[in-house]
Amino acid sequence: MGQHKSHSTEVDVGVLQGSVLGPLLFAVYCSPIADVIAHHGVQYHQYADDTRLHLAMCTNNTPAGLSVLAECTTDVRQWYLQNSLQLNPDKSEALIVGTTNQLCAVTSSMSSVSVTGVDLPVADDIKVLGVVLDQHLSFHKHVSAVAQSYNYHAQAI
């Protein structure tokens, strides 16, 4: 500022926080993870730094499906580590979706899902981009959450 100058520091990696290019460059940097996930036959979607894995399983091959999911998440974690990123299993969630009979058959023998060696409890519902998904995809919990938010804001007005 004026005739005063701060010390300069060389930065080898990264983008300035708040940069317009930040989200785009992050998406480009993380795009190879798609090949790692696809190699396992697992479906996925990504939004910003959030990656969701989806795996269709039948009740008679649940252990095989869970094994594929565990291998996939281990490979994803390895890719992240090799590329100076970190997969945080503490922020991970597992949801099993199906009919009542399918859920009874699966959840009676399984209470957690292994992700990178960490056992995640199976949740009754999860929030994805603001939408609450439950095990039956009924949207009852989402509608209740929206109604509750509406009532709160209506009373605030």
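Residues numbered from 1 in each chain as written. Predicted model: local features only at pLDDT ≥ 70, side-chain atom pairs only at ≥ 80, totals over all residues. Heavy atoms only, no water.

Q: Report on helix 3 (residues 62–82), specifying residues and quantitative values.
A: Note on helix geometry: an α-helix contains 3.6 residues per turn, so any two residues three or four positions apart are oriented the same way. Under the 1.5 Å per step criterion, the end-to-end length of helix 3 is 30 Å for 21 residues, consistent within 8% with the ideal 30 Å. Taken as a whole, helix 3 has its buried residues at Thr-62, Gly-65, Leu-69, Cys-72, Thr-73, Val-76, Trp-79 and Tyr-80. Projected onto a plane normal to the axis of helix 3, the buried residues spread over an arc of 120° and lie on a single side. Exposed residues lying more than 90 degrees from the buried face of helix 3 are Pro-63 and Gln-82. As for helix 3, its buried residues are in contact with helix 1 (22–30), helix 2 (33–39), strand 2 (50–54), helix 4 (100–107) and strand 4 (112–115). Backbone geometry just downstream of helix 3 places Ser-84 in the positive-phi region, at approximately 60°. (Helix = DSSP H or I, 4+ residues; strand = E, 2+ residues; numbered from the N terminus. Expected span 1.5 Å × (residues − 1). Buried < 20%, exposed > 50% of the residue type's maximum accessible area, 1.4 Å probe, protein only. Arc of directions from axis to C-beta. Contact = heavy atoms within 4.5 Å.)

Q: Explain the sheet that holds strand 5 (residues 118–123) to me, using residue names and the numbers behind them.
A: Spatial ordering of the open sheet is given by 3-5-4, a layout of three strands whose pairing is mixed. Each edge of the open sheet carries a strand with a single partner, namely strand 3 (94–95) and strand 4. As defined by bridge partners, strand 3 adjoins strand 5 across two bridges and the pair is classed as parallel. Counterpart to Ala-94 in the pairing with strand 5 is Val-122. (Pairing = 2+ DSSP bridges.)

Q: Can you tell me about a nonpolar patch on the surface, naming the residues and giving the values?
A: A grouping of Val-15, Leu-16, Leu-21, Leu-24, Leu-25 and Val-28 is seen on the molecular surface, where their side chains present a nonpolar patch of about 590 Å² in accessible area. By the secondary structure assignment, Val-15 is in the segment before helix 1. (Patch = residues over 30% accessible without salt bridge, like charges linked within 9 Å, V, L, I, M, F, W, Y side chains within 5 Å. Areas by Shrake-Rupley, 256 points an atom, 1.4 Å probe, with all protein chains shown as cover. Salt bridge = Lys/Arg side-chain N within 4 Å of Asp/Glu carboxyl O.)

Q: Lay out the packing of aromatic side chains with the relevant residues and their values.
A: A full pass over the atoms with the stated rule returns one aromatic pair. Here Trp-79 and Tyr-80 contribute two aromatic rings whose centre-to-centre distance is 5.7 Å and whose plane-to-plane angle is 65°, an arrangement assigned as edge-to-face. In terms of burial, Trp-79 and Tyr-80 fall into one category: buried. (Phe/Tyr/Trp six-rings, centres within 6.5 Å; stacked < 30°, edge-to-face > 60°.)

Q: A description of the pattern of salt bridges should follow, citing residues and the corresponding values.
A: Here the structure, examined in full by the defined rule, presents three salt bridges. With a shortest N-O distance of 3.3 Å, Asp-50 and Arg-52 are connected by a salt bridge. A relative accessible area of 28% places Asp-50 in the partly exposed class. Residue class for Arg-52 comes out buried when judged on its relative accessible area of 16%. Among the ionic pairs, Arg-52 bridges to Glu-93, the shortest N-O distance being 4.0 Å. Remark: Glu-93 occurs in the loop between helix 3 and strand 3 and Arg-52 occurs in strand 2; sequence separation between them is 41 residues. Looking at Glu-93, the relative accessible area reads 46%, which means it is partly exposed.

Read these as spatial facts, not as claims about activity.
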